[in-house]
Amino acid sequence: MGMIGKVFELLFGEGRNVLKDTAEVFFENSENSASREAKSRAAALEQFASEFAMERKGHFDRFMDGLNRVPRPLMAFGTIGLCISAMVDPVWFASRMQGIALVPEPLWWLLGTIVSFYFGARYQVKSQEFQRSVAASVAQVPQVKANIAALKALDAGASGAQLPASIAPADWSQPEPPSVPGSEAPNPALTAWRAGHDE
């Protein structure tokens, strides 16, 4: 017995497991690997969320955003208004067009440059907002995949125990109808009613 005790003490003594430690040299510990992977994903998602977090805008920023939305509709509706005014009051429209004909060409170039830069800047801002929204949607992909897998499992007839804990409720089983004493006994009123309808 002393020899066996020494062998066990050699293998499992001092709070260690020589067999397990030796096996981990050749094979990865799957539990530790899953833990490391979960921590890595959580850190990546946390960094991702902080990078693409929606900024809180103050009153001035919201006012400027509203002001930045004005020029494009103003130009579009102004052009339509000019077309309508040409039909309603041609003399008034012609006098305004004579004034526009007197605008020098460098001023037209300057106006075109300002409008081009304005639309270019707006395009850049909107594209960055679009990229943020795409990144926020991509961050939700793992949860959506888990939900879809749970719904497919439910559609295939899986029980609540086979579904993930985040989706499956505590009890998917249907409650049994309560048993009523004497429900198996014949009902004379129902028998007479059936006999009257069978005639």
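What this report covers is the structure whose coordinates are included nearby. Because the structure is predicted, anything quoted here is derived from the model rather than measured.

Cut-offs and rules
- Residues numbered from 1 in each chain as written.
- Predicted model: local features only at pLDDT ≥ 70, side-chain atom pairs only at ≥ 80, totals over all residues.
- Heavy atoms only, no water.
- Helix = DSSP H or I, 4+ residues; strand = E, 2+ residues; numbered from the N terminus.
- Buried < 20%, exposed > 50% of the residue type's maximum accessible area, 1.4 Å probe, protein only.
- Contact = heavy atoms within 4.5 Å.
- Areas by Shrake-Rupley, 256 points an atom, 1.4 Å probe, with all protein chains shown as cover.
- Expected span 1.5 Å × (residues − 1).
- Patch = residues over 30% accessible without salt bridge, like charges linked within 9 Å, V, L, I, M, F, W, Y side chains within 5 Å.
- Salt bridge = Lys/Arg side-chain N within 4 Å of Asp/Glu carboxyl O.
- Axes fitted to C-alpha atoms, helices over the stretch in contact; angles between N-to-C directions.
- Parallel < 35°, antiparallel > 145°, perpendicular 65-115°, else oblique.
- Nonpolar A, V, L, I, M, F, W, Y, C, P; charged D, E, K, R; others polar.

### A closer look at the overall build of the chain
- Each helix and strand counted, the chain has 9 helices and 0 strands in total.
- N-terminal to C-terminal, the α/β element order of the chain is α-α-α-α-α-α-α-α-α.
- In the chain, buried positions account for 5% of the 199 residues.
- In the chain, the share of contacts with a sequence separation of at least 24, taken over all contacts with a separation of at least 6, comes to 41%.
- As displayed, the chain has an accessible area near 17,100 Å², and 65% of this comes from carbon and sulfur atoms.

### Things to note about helix α7 (residues 105-139)
- Given a rise of 1.5 Å per residue, 35 residues ought to cover 51 Å, and the 51 Å separating the end C-alpha atoms of α7 matches this to within 8%.
- For α7, every residue scored as buried is listed here: Tyr 118, Arg 122 and Ala 135.

### Concerning helix α8 (residues 141-155)
- When the terminal C-alpha atoms of α8 are compared, their 21 Å separation across 15 residues agrees well with the 21 Å that a helix rising 1.5 Å per residue should span.
- In the stretch just after α8, Gly 157 is the one whose phi turns positive, near 100°.

### Let's talk about a nonpolar patch on the surface
- On the surface, Phe 60, Phe 63, Leu 67, Val 70 and Leu 74 cluster together into a nonpolar patch covering about 540 Å² of accessible area.
- Among the elements that take part in the nonpolar patch, helix α4 (residues 59-68) stands out by supplying 3 residues, more than any other.

### With respect to the packing of helix α5 (residues 71-88) against α7
- In contact at an axis separation of 11 Å, α5 and α7 are set at 130° when each is read in the N-to-C sense. As far as their axial angle goes, α7 and α5 are oblique. In this structure, α5 contributes Pro 71, Arg 72 and Met 75 to the contact, and α7 contributes Val 115, Tyr 118, Phe 119 and Arg 122.
- Here the contact of α5 with α7 is built from residues that sort into 5 nonpolar, no polar and 2 charged.

### Considering the pattern of salt bridges
- Tallied over the entire structure, the rule returns 1 salt bridge.
- When the shortest N-O distance is used, the salt bridge between Glu 37 and Arg 41 registers 3.1 Å. With Glu 37 and Arg 41 both in helix α3 (residues 30-51), this residue pair falls 4 residues apart, about one helical turn.
- With a relative accessible area of 41%, Glu 37 lands in the partly exposed category.

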